[in-house]
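Secondary and tertiary structure notes
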Amino acid sequence: MSFIIFLSPSEDKNITQHDMSSESLLHHPSQDSSCLESYHIVNPHTSTTFLQSLWQGDIMYHHRNNINAIYKEAVKKILTTNDKTLLFEIYGAKNFNAKNEFELNIAYQQRDTMAAIERYCGVAFNGLDFISLSGDSREFILQYVYIFSNLFGVIAAHDNIPFYKLKQNTKYTPLSLMSVYKPFVPILESFLQKYDFVIDLRAGIYTKIFMPKQRRFFFEFQKNGKTISHYAKLYRGKMLNLISKNTQFSNYNFHEALEFFQHINDNKMMFCNSTECANTIILRYEIQE
């Protein structure tokens, strides 16, 4: 028996020292750098061929290269023409400031790469807290987790990617989720044939672009009986944290995994109930924090 874990990406990402070692900027950021003080600077993992080394790199290289070129051209246009419409569609901001100019310059230059599971730093990844995990738990995640990125399609947790900023579900058609993911669907369907079930920790928007045919677990979280949306990301990350700490989980079959999920009851969340529809078991948890 075998499984795979799907995880959503994050619009927030860590920045390395080497990311910032830029000698020439397309558009100089404002002089006020106070907004940059909160950046989390981490040690880099360098790579010069990241597109070809990503999951399914040989098969998906030309598609990813084309998407990445479109992205970089859009970023270049934003920075050289002050295109606010495109700024909003790519970055999600309505006006220029030091922070977004700085980040878009880094995104354009793609000077450094680091493991995807460490590059992303949004709510779900704070819940996971990858850095705090033991070596065995980290290895579990690097082996089993695949992330549905907004720019590079499906990538492995251990794949090295550069810093980028791309608004989730952008209306800029060449970079829409549909444009990015359409060529991935047959690749995913073939790849998943060797797995018995999927642990699906993605947000709903990503389940709309690809739904596995295998049996899958999907998770919902509620507070005082009401389903939460934004902070569900945090508890998907915490769920992955719990899974990775179970030293036996890699040996579980579908029914053993179900039993594990049904017995979660700690100071963070408590299993409430589940429903089954077609090939999906939806597991619901009450948040106790």
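Scroll up to find the structure this text is about.
Definitions and limits used
- Residues numbered from 1 in each chain as written.
- Predicted model: local features only at pLDDT ≥ 70, side-chain atom pairs only at ≥ 80, totals over all residues.
- Heavy atoms only, no water.
- Helix = DSSP H or I, 4+ residues; strand = E, 2+ residues; numbered from the N terminus.
- Rg over C-alpha atoms; globule rule 2.2 N^0.38 Å.
- Buried < 20%, exposed > 50% of the residue type's maximum accessible area, 1.4 Å probe, protein only.
- 1 Å grid on protein atoms, 1.4 Å probe; cavity = no way out; pocket = protein on both sides within 12 Å on 5 of 7 lines; lining within 4 Å.
- Points joined across faces, edges and corners; volume = space filled by probe spheres on them.
- Nonpolar A, V, L, I, M, F, W, Y, C, P; charged D, E, K, R; others polar.
- Phe/Tyr/Trp six-rings, centres within 6.5 Å; stacked < 30°, edge-to-face > 60°.
- Lys NZ or Arg CZ within 6 Å of the ring centre and 35° of its normal.
- Core = buried A, V, L, I, M, F, W, Y, C linked by side-chain atoms within 4.5 Å.
- Contact = heavy atoms within 4.5 Å.
- Salt bridge = Lys/Arg side-chain N within 4 Å of Asp/Glu carboxyl O.
- Polar contact = N/O pair within 3.5 Å; in protein donor to acceptor, adjacent residues only side chain to side chain.

Quick look at the overall build of the protein chain now. For the protein chain, the count of helices and strands is 12 helices and 12 strands. In summary, the protein chain has a C-alpha radius of gyration of 19 Å against a globular reference of 19 Å for 289 residues, a match within 12%. By principal-axis analysis of the C-alpha atoms, the protein chain measures approximately 55 × 40 × 35 Å. By residue count, 52% of the 289 residues in the protein chain fall in the buried class.

Quantified by volume, the second largest pocket comes out at close to 260 Å³. Lining the second largest pocket are 18 residues, and of these Pro9, Ser10, Glu11, Gln168 and Lys233 sit closest to its centre. For the lining of the second largest pocket, the secondary structure elements donating two or more residues are helix 6 (123-128) and helix 11 (232-245). No other element matches helix 6, which puts three residues into the lining of the second largest pocket. Taken together, the residues that form the lining of the second largest pocket break down as eight nonpolar, six polar and four charged.

Turning our attention to the packing of aromatic side chains. Aromatic ring pairs: the centre-centre distance and the angle between the two ring planes describe each pair. Overall, the coordinates contain 32 aromatic pairs when judged by the stated rule. Note on Tyr120 and Phe125: the rings are 5.3 Å apart at their centroids and 25° apart in plane angle, and the pair reads as stacked. You'll find Tyr120 and Phe125 in the same group, each marked buried. Its end group placed over the ring of Phe88, Lys167 keeps NZ or CZ at 3.8 Å from the ring centre. Over the aromatic face of Phe148 sits the side chain of Arg202, whose NZ or CZ is 4.5 Å from the ring centroid.

Counting 94 residues, the largest nonpolar core has Ile199, Phe217 and Phe261 as its most contacted members. With seven residues, the single largest contributor to this core is helix 2 (residues 57-81). With near-sequence residues (within four places) excluded, Phe261 lies in contact with Ile199, Phe217, Phe219, Met239, Ile243, Phe249, Phe271, Leu283 and Tyr285.

This next bit is on the pattern of salt bridges. For the structure on display, the rule yields nine salt bridges. Salt bridges sharing partners connect three or more residues here, namely Asp12, Lys99, Glu103 and Lys165.

In this structure, Thr16 sits in strand 2 (residues 15-16). A distance of 2.7 Å separates the side chain of Thr16 from the side chain of Asp112, its partner in a polar contact.

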